[in-house]
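# Coordinate inspection notes
So you can see what is in the structure, the chains are spelled out below.
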Amino acid sequence: MAPRAQCQPAARRIGFLSAFARAEIEDFLGQLRPMLEKLGWTDGRNIALLEPRTAAGRNELLPTLAVELVAQSPDLILVQTLPATRALMQATKSIPIVMVGVGNPIENGIVARFVKPGGNVTGSSYLADEYILKLLQLLKEAAPRLRSVAVFVNATNEAAAPLVKKLRADTLAAGIQLQILEVSGQGDFEAAFAAIRRAATESILLIPEPLIQSNRGAIAEFAKTHRLPLATVGGSLALPASGLLAYGPTRGEYAQLAARFVDRILKGAKPGDLSIEQPTRFNLVINAKAAKALDLTIPQSLLLRADEVIQ
């Protein structure tokens, strides 16, 4: 009698919902896969990473994408951005949702607390206003004569209003004039650039918002053409070639946190019992080449604190 074939357990299915551009998602997944493998989870063997679904900066698409993803019955869903998390929460109350760097989840009503949040949502978060305030301070240190900064905000992102309120307070405290540029689609950026020129604003700060980040190249080219220092939240991957500085957690840090949550949930932990975590490592990247092009002399004290200096 032929030996009976052993049944292999079905691969655990992991979904992904985001509003970021496909290239940024693939970069994140490229860092996530080896971290999952170290924990014993291999894509194509005992887990299956489903095709990521992204709104690519168009938040109005997220509710439909969330419903479609939930219909695939994944064992767990990774999610980026506040609007995407909100859409998933409306689509499922049972499938575990793991946030990947979602800003201010308590203030925005995603969870009631960081410790054992309850429900089906956990993961990693960040306090957006803290990073942006630090970035403003670093920008002012790099360019002491700076008097004004332009910040793009996506009017369709529910996180925009509280962020703008905090930005006004932070820039006032720093003695910097703030120009808020509301955009809601790709076609709004040329008018925003014209508004910067009319106001003679002296610098640009990029927040980690999908629509804005998907236009990072155009914003960086505008800043380069008009010799405006550009700073962004994030690590070196978030800094355009002509950008002056970046500060914040790296994608690798978020991938490591996500892998740990996936591992624990797939091994039986309930998401509501897993406390939300925040990154503990923050990278300061300074582009010395960009500083030279802007005729800026970066103080030695700032260079010494940098984790990376681009020459």
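Structure's up top.
Throughout this description, residue numbers start from 1 for each chain and increase along the sequence as written. Given that the model is predicted, a residue must reach a pLDDT of at least 70 before its local features are reported, and side-chain atom pairs must reach 80 or more before they are shown or counted; all residues, however, enter totals for whole chains, interfaces and linings. With hydrogens and water stripped out, all remaining heavy atoms of the structure feed into the side-chain values.

### Things to note about the packing of helix 1 (residues 22-38) against helix 9 (residues 251-266)
Operational definition: Fitted lines through C-alpha atoms serve as axes, helices being fitted only where they are in contact, and the angles separating the N-to-C directions of these axes extend from 0 to 180 degrees. Only DSSP runs of H or I with at least four residues qualify as helices, and only runs of E with at least two residues qualify as strands; both kinds are numbered from the N terminus onward. Note that the term roughly parallel is reserved for angles under 35 degrees, roughly antiparallel for angles over 145, roughly perpendicular for angles of 65 to 115, and oblique for everything else. By definition, turning the near helix anticlockwise from the far helix through less than a right angle yields a left-handed crossing, and turning it clockwise yields a right-handed one. Here, residues are in contact when the closest pair of their heavy atoms is within 4.5 Å. Three classes are used: nonpolar for Ala, Val, Leu, Ile, Met, Phe, Trp, Tyr, Cys and Pro, charged for Asp, Glu, Lys and Arg, and polar for all others, with Gly counted as polar.
At their nearest, the axes of helix 1 and helix 9 sit 9 Å apart, and the two run at 50 degrees to each other. Comparing their axes, helix 9 and helix 1 come out oblique. Both helix 1 and helix 9 take part in a crossing whose hand is right-handed. Across the interface between the two elements, Glu24, Asp27, Phe28, Gln31, Leu32, Met35 and Leu36 of helix 1 pack against Arg251, Gly252, Tyr254, Ala255, Gln256, Ala258, Ala259 and Val262 of helix 9. In terms of residue class, the contact of helix 1 with helix 9 is built from 9 nonpolar, 3 polar and 3 charged.

### Points about the pattern of salt bridges
Note that side chains of opposite charge can pair when their charged atoms are close. We apply this condition: The term salt bridge refers to a pairing of a side-chain nitrogen on Lys or Arg with a carboxyl oxygen on Asp or Glu at a separation within 4 Å. Using a 1.4 Å probe on the protein chains alone, a residue whose accessible area is under 20% of its type maximum counts as buried, one over 50% counts as exposed, and one in between counts as partly exposed.
Taken as a whole and judged by the stated rule, the model has 17 salt bridges. Between Glu24 and Arg216 there is a salt bridge; the shortest N-O distance is 3.8 Å. With a gap of 192 residues between them, Glu24 in helix 1 and Arg216 in helix 8 (residues 216-225) connect regions that are remote in the sequence. Across the pair, exposure class does not vary: Glu24 and Arg216 are buried alike. Here Arg147 ties to Glu202 by a salt bridge, and the two come within 2.5 Å at their closest N and O atoms. Here Arg147 is found in the loop between helix 4 (128-142) and strand 7 (148-154), whereas its partner Glu202 is found in the loop between helix 6 (189-199) and strand 9 (204-206), with 55 residues between them in sequence. Linked by salt bridges that have partners in common, Glu24, Asp27, Arg216 and Arg251 make up one network.

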